[in-house]
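# Chains, contacts and geometry: an overview
Here are the chains, one letter per residue:
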Amino acid sequence: MLKILAVSDSESPGLETMVSRFPEKLRDIDLIISCGDLEREYLEFLVDGINRDLFFVSGNHQQECDDDVAGDNPVERLLQSLRAFPEKLARCIAGQSDLHGRVVTYKNYIIAGFGGSMWYSGRGNEYSEREMAKTVRQVERKIQLFRLRQKILNRPPYDLIIISHAPLFRVHDEPDQCHKGFKCFRDFVEHMSPLLWLHGHIHLGDVKKHQITVVGKTTVVNAFGHKFVAIDKDKIEVSFMHAQANVS
Ligand SMILES: [Zn+2]
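Description of the structure in this document. Nothing here was measured: the structure is a model prediction, and the numbers come from that model. (Residues numbered from 1 in each chain as written. Predicted model: local features only at pLDDT ≥ 70, side-chain atom pairs only at ≥ 80, totals over all residues.)

Across a sheet, strands are paired by hydrogen bonds formed along the backbone, either parallel or antiparallel in direction. The strand order β3-β2-β1-β14-β15 describes an open sheet built from five strands, whose pairing is mixed. Either end of the sheet is taken by a strand with one partner, and the two such strands are β3 (53-56) and β15 (235-239). Taken pair by pair, the neighbouring strands of this sheet meet at an average axis angle of 25°, ignoring direction. As judged from the four bridges shared by strand β2 (residues 31-34) and β3, these two strands associate in the parallel manner. Across the sheet, the residue bridging to I33 is F55, located in β3. Here helix α2 (residues 40-50) sits on the sheet and contacts β1 (2-8), β2 and β3; the angle it forms with β2, its principal contact strand, is near 170°. (Pairing = 2+ DSSP bridges. Helix = DSSP H or I, 4+ residues; strand = E, 2+ residues; numbered from the N terminus. Axes fitted to C-alpha atoms, helices over the stretch in contact; angles between N-to-C directions. Contact = placed C-beta atoms within 7 Å.)

Next up, the structure:
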(Lines give C-alpha, C1' and ligand atoms only; values in the text may rest on other atoms or scores of the structure.)
Protein backbone atom coordinates (compact mmCIF):
# COMPACT_ATOMS: atom_id res chain seq x y z
CA MET A 1 0.00 0.00 0.00
CA LEU A 2 1.32 3.45 -0.94
CA LYS A 3 -0.40 6.61 0.31
CA ILE A 4 0.28 9.84 -1.57
CA LEU A 5 -0.70 13.37 -0.74
CA ALA A 6 -0.93 15.02 -4.18
CA VAL A 7 -1.15 18.81 -4.47
CA SER A 8 -1.31 21.24 -7.38
CA ASP A 9 -2.07 24.79 -8.55
CA SER A 10 -4.12 26.02 -5.60
CA GLU A 11 -3.41 26.11 -1.88
CA SER A 12 -6.00 24.14 0.02
CA PRO A 13 -7.19 25.68 3.32
CA GLY A 14 -8.67 22.33 4.48
CA LEU A 15 -5.28 20.69 4.04
CA GLU A 16 -3.46 23.54 5.81
CA THR A 17 -5.79 23.07 8.81
CA MET A 18 -5.10 19.33 8.84
CA VAL A 19 -1.33 19.79 8.63
CA SER A 20 -1.08 22.54 11.25
CA ARG A 21 -3.62 21.16 13.75
CA PHE A 22 -3.62 17.38 13.29
CA PRO A 23 -0.32 16.34 11.65
CA GLU A 24 -0.33 13.05 13.58
CA LYS A 25 -3.45 12.02 11.63
CA LEU A 26 -1.46 12.24 8.41
CA ARG A 27 1.30 9.98 9.68
CA ASP A 28 0.34 7.17 7.30
CA ILE A 29 1.10 9.35 4.25
CA ASP A 30 4.21 7.94 2.52
CA LEU A 31 5.13 10.84 0.25
CA ILE A 32 4.03 14.25 -1.02
CA ILE A 33 3.76 14.90 -4.76
CA SER A 34 3.33 18.38 -6.26
CA CYS A 35 2.23 18.80 -9.87
CA GLY A 36 3.33 22.44 -9.96
CA ASP A 37 2.33 26.10 -9.70
CA LEU A 38 2.47 26.18 -5.92
CA GLU A 39 4.65 28.48 -3.82
CA ARG A 40 7.82 27.00 -2.44
CA GLU A 41 6.81 28.16 1.10
CA TYR A 42 3.55 26.20 0.91
CA LEU A 43 5.34 23.00 -0.18
CA GLU A 44 7.94 23.40 2.57
CA PHE A 45 5.13 23.92 5.10
CA LEU A 46 3.63 20.56 3.99
CA VAL A 47 7.00 18.79 4.05
CA ASP A 48 7.85 20.16 7.52
CA GLY A 49 4.35 19.48 8.89
CA ILE A 50 4.02 15.89 7.66
CA ASN A 51 7.74 15.12 7.63
CA ARG A 52 7.73 13.18 4.37
CA ASP A 53 9.72 13.35 1.13
CA LEU A 54 8.52 15.63 -1.67
CA PHE A 55 8.58 14.79 -5.38
CA PHE A 56 7.64 17.66 -7.67
CA VAL A 57 7.62 19.25 -11.10
CA SER A 58 7.33 22.98 -11.80
CA GLY A 59 4.27 24.48 -13.43
CA ASN A 60 4.23 26.98 -16.26
CA HIS A 61 4.08 29.92 -13.84
CA GLN A 62 7.34 28.91 -12.16
CA GLN A 63 9.23 30.38 -15.05
CA GLU A 64 12.90 30.93 -15.61
CA CYS A 65 12.22 34.56 -16.59
CA ASP A 66 14.74 34.45 -19.42
CA ASP A 67 12.51 36.38 -21.80
CA ASP A 68 14.14 39.29 -23.46
CA VAL A 69 12.21 42.31 -22.13
CA ALA A 70 15.45 44.11 -21.20
CA GLY A 71 16.76 44.13 -24.78
CA ASP A 72 20.38 45.36 -25.00
CA ASN A 73 20.28 47.51 -21.87
CA PRO A 74 22.96 45.93 -19.57
CA VAL A 75 21.53 47.42 -16.35
CA GLU A 76 18.03 46.15 -17.18
CA ARG A 77 19.52 42.73 -18.04
CA LEU A 78 21.29 42.54 -14.67
CA LEU A 79 18.12 43.57 -12.82
CA GLN A 80 16.13 41.00 -14.81
CA SER A 81 18.51 38.16 -13.91
CA LEU A 82 18.43 39.18 -10.22
CA ARG A 83 14.63 39.17 -10.29
CA ALA A 84 14.73 35.70 -11.87
CA PHE A 85 17.08 34.30 -9.23
CA PRO A 86 14.46 33.22 -6.62
CA GLU A 87 12.51 31.48 -9.39
CA LYS A 88 15.61 29.49 -10.37
CA LEU A 89 16.14 28.52 -6.74
CA ALA A 90 12.57 27.20 -6.71
CA ARG A 91 13.82 24.37 -8.94
CA CYS A 92 15.07 22.81 -5.68
CA ILE A 93 12.54 22.60 -2.85
CA ALA A 94 12.95 21.01 0.59
CA GLY A 95 16.19 19.38 -0.53
CA GLN A 96 14.63 17.79 -3.62
CA SER A 97 15.19 18.69 -7.26
CA ASP A 98 12.58 19.27 -9.91
CA LEU A 99 11.72 15.89 -11.46
CA HIS A 100 11.32 17.22 -15.02
CA GLY A 101 12.91 14.67 -17.36
CA ARG A 102 14.21 12.63 -14.42
CA VAL A 103 13.53 9.11 -13.21
CA VAL A 104 13.86 8.08 -9.54
CA THR A 105 12.77 5.09 -7.47
CA TYR A 106 10.80 5.10 -4.25
CA LYS A 107 10.09 1.79 -2.51
CA ASN A 108 8.83 -0.50 -5.32
CA TYR A 109 7.89 2.35 -7.64
CA ILE A 110 9.56 4.25 -10.45
CA ILE A 111 8.64 7.95 -10.41
CA ALA A 112 9.29 10.26 -13.38
CA GLY A 113 8.22 13.83 -14.12
CA PHE A 114 7.36 16.29 -16.88
CA GLY A 115 7.03 19.96 -15.85
CA GLY A 116 5.67 23.05 -17.60
CA SER A 117 2.82 23.47 -20.03
CA MET A 118 2.22 23.59 -23.77
CA TRP A 119 4.03 26.54 -25.43
CA TYR A 120 1.63 29.48 -25.70
CA SER A 121 3.45 32.72 -24.86
CA GLY A 122 7.16 31.93 -24.90
CA ARG A 123 7.53 33.65 -21.52
CA GLY A 124 7.12 30.84 -19.01
CA ASN A 125 8.09 27.25 -18.39
CA GLU A 126 6.55 26.18 -21.69
CA TYR A 127 7.38 23.48 -24.25
CA SER A 128 6.33 22.79 -27.80
CA GLU A 129 4.93 19.32 -28.51
CA ARG A 130 8.26 18.49 -30.19
CA GLU A 131 10.38 19.64 -27.24
CA MET A 132 8.29 17.69 -24.74
CA ALA A 133 8.31 14.61 -26.99
CA LYS A 134 12.12 14.65 -26.87
CA THR A 135 12.08 14.65 -23.04
CA VAL A 136 9.39 11.95 -23.03
CA ARG A 137 11.53 9.70 -25.26
CA GLN A 138 14.58 10.21 -23.01
CA VAL A 139 12.52 9.25 -19.94
CA GLU A 140 11.13 6.21 -21.79
CA ARG A 141 14.67 5.01 -22.54
CA LYS A 142 15.75 5.45 -18.90
CA ILE A 143 12.75 3.46 -17.69
CA GLN A 144 13.25 0.73 -20.31
CA LEU A 145 16.85 0.33 -19.14
CA PHE A 146 15.75 0.15 -15.51
CA ARG A 147 13.10 -2.45 -16.35
CA LEU A 148 15.64 -4.48 -18.34
CA ARG A 149 18.04 -4.42 -15.40
CA GLN A 150 15.29 -5.59 -13.03
CA LYS A 151 14.53 -8.45 -15.44
CA ILE A 152 18.18 -9.50 -15.79
CA LEU A 153 18.59 -9.45 -12.00
CA ASN A 154 15.39 -11.48 -11.69
CA ARG A 155 13.75 -8.80 -9.55
CA PRO A 156 10.02 -8.04 -9.62
CA PRO A 157 9.00 -5.18 -11.95
CA TYR A 158 8.32 -1.81 -10.32
CA ASP A 159 5.08 0.04 -10.98
CA LEU A 160 5.39 3.43 -12.65
CA ILE A 161 4.05 6.76 -11.38
CA ILE A 162 4.21 9.87 -13.59
CA ILE A 163 3.98 13.44 -12.33
CA SER A 164 3.27 16.18 -14.87
CA HIS A 165 1.98 19.72 -14.70
CA ALA A 166 0.14 19.69 -18.03
CA PRO A 167 -2.56 17.12 -18.80
CA LEU A 168 -2.61 14.49 -21.53
CA PHE A 169 -4.08 15.35 -24.93
CA ARG A 170 -7.87 14.89 -24.77
CA VAL A 171 -7.74 13.72 -21.13
CA HIS A 172 -8.82 16.54 -18.77
CA ASP A 173 -7.30 19.14 -21.13
CA GLU A 174 -8.98 22.20 -22.65
CA PRO A 175 -9.00 23.43 -26.27
CA ASP A 176 -7.01 26.66 -25.75
CA GLN A 177 -3.27 26.49 -26.48
CA CYS A 178 -2.26 27.06 -22.84
CA HIS A 179 -4.37 24.20 -21.46
CA LYS A 180 -4.00 21.79 -24.37
CA GLY A 181 -2.54 18.43 -23.31
CA PHE A 182 0.52 16.79 -24.85
CA LYS A 183 0.05 14.06 -27.46
CA CYS A 184 3.44 12.58 -26.51
CA PHE A 185 2.00 11.88 -23.03
CA ARG A 186 -0.63 9.67 -24.70
CA ASP A 187 2.15 7.85 -26.60
CA PHE A 188 4.01 7.37 -23.33
CA VAL A 189 0.91 5.84 -21.71
CA GLU A 190 0.58 3.46 -24.65
CA HIS A 191 4.27 2.42 -24.56
CA MET A 192 4.95 2.32 -20.82
CA SER A 193 1.55 1.71 -19.13
CA PRO A 194 2.12 3.71 -15.94
CA LEU A 195 -0.08 2.68 -13.03
CA LEU A 196 -0.80 6.27 -12.03
CA TRP A 197 -0.49 9.65 -13.79
CA LEU A 198 -0.89 12.75 -11.61
CA HIS A 199 -1.19 16.14 -13.32
CA GLY A 200 -2.27 19.70 -12.53
CA HIS A 201 -2.76 22.90 -14.60
CA ILE A 202 -6.50 22.37 -15.11
CA HIS A 203 -8.37 24.35 -12.46
CA LEU A 204 -11.57 22.74 -11.26
CA GLY A 205 -13.16 25.73 -9.50
CA ASP A 206 -13.69 23.72 -6.35
CA VAL A 207 -10.82 21.85 -4.66
CA LYS A 208 -13.31 19.15 -3.61
CA LYS A 209 -14.00 18.21 -7.23
CA HIS A 210 -12.45 15.07 -8.67
CA GLN A 211 -11.24 14.45 -12.21
CA ILE A 212 -10.19 10.84 -12.75
CA THR A 213 -9.96 9.00 -16.07
CA VAL A 214 -8.65 5.54 -16.87
CA VAL A 215 -6.62 5.35 -20.11
CA GLY A 216 -5.56 1.78 -20.91
CA LYS A 217 -3.92 0.52 -17.72
CA THR A 218 -3.28 4.03 -16.39
CA THR A 219 -5.38 5.96 -13.89
CA VAL A 220 -5.07 9.69 -14.65
CA VAL A 221 -5.84 12.01 -11.73
CA ASN A 222 -6.02 15.80 -11.69
CA ALA A 223 -4.36 16.78 -8.39
CA PHE A 224 -5.85 20.32 -8.36
CA GLY A 225 -5.93 21.58 -4.73
CA HIS A 226 -5.14 18.41 -2.85
CA LYS A 227 -6.03 14.73 -3.26
CA PHE A 228 -5.22 11.71 -1.15
CA VAL A 229 -4.29 8.86 -3.47
CA ALA A 230 -3.96 5.33 -2.08
CA ILE A 231 -2.41 2.58 -4.22
CA ASP A 232 -3.08 -0.97 -3.12
CA LYS A 233 -1.55 -3.29 -5.74
CA ASP A 234 -3.55 -2.37 -8.90
CA LYS A 235 -6.34 -0.60 -7.02
CA ILE A 236 -6.26 3.19 -6.80
CA GLU A 237 -8.49 5.23 -4.53
CA VAL A 238 -8.73 9.02 -4.66
CA SER A 239 -10.34 11.16 -1.98
CA PHE A 240 -10.49 14.74 -0.80
CA MET A 241 -10.76 13.81 2.87
CA HIS A 242 -8.11 11.64 4.44
CA ALA A 243 -9.66 8.51 5.97
CA GLN A 244 -7.60 8.97 9.14
CA ALA A 245 -8.30 12.67 9.52
CA ASN A 246 -11.97 13.56 9.65
CA VAL A 247 -11.44 16.97 11.11
CA SER A 248 -14.32 18.97 9.63
ZN1 LIG B 1 -0.38 25.74 -14.97
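Taken residue by residue, a regular strand's side chains alternate between the two faces of the sheet. Sheet analysis places strand β12 (residues 212-215) next to strand β13 (residues 218-222), joined by four bridges and oriented antiparallel. Within β13, the residue paired with V215 across the bridge is T218. Between the antiparallel neighbours β12 and β13 lie two residues, among them G216 with a positive phi of about 60°.

In the Ramachandran plot, D9 falls in the positive-phi region, its phi being about 65° despite a non-glycine side chain. Inspection of the secondary structure puts D9 in the loop between β1 and α1 (13-21). Here K233, not a glycine, exhibits a phi torsion of approximately 55°, which is positive. Within the element layout of this structure, K233 appears in the loop between β14 (225-232) and β15. Judged by the 9 C-beta atoms lying within 10 Å of it, K233 falls in the exposed class. (Buried ≥ 20, exposed ≤ 12 C-beta atoms within 10 Å, placed from the backbone.)

Limitation: the analysis is restricted to geometry and does not speak to function.
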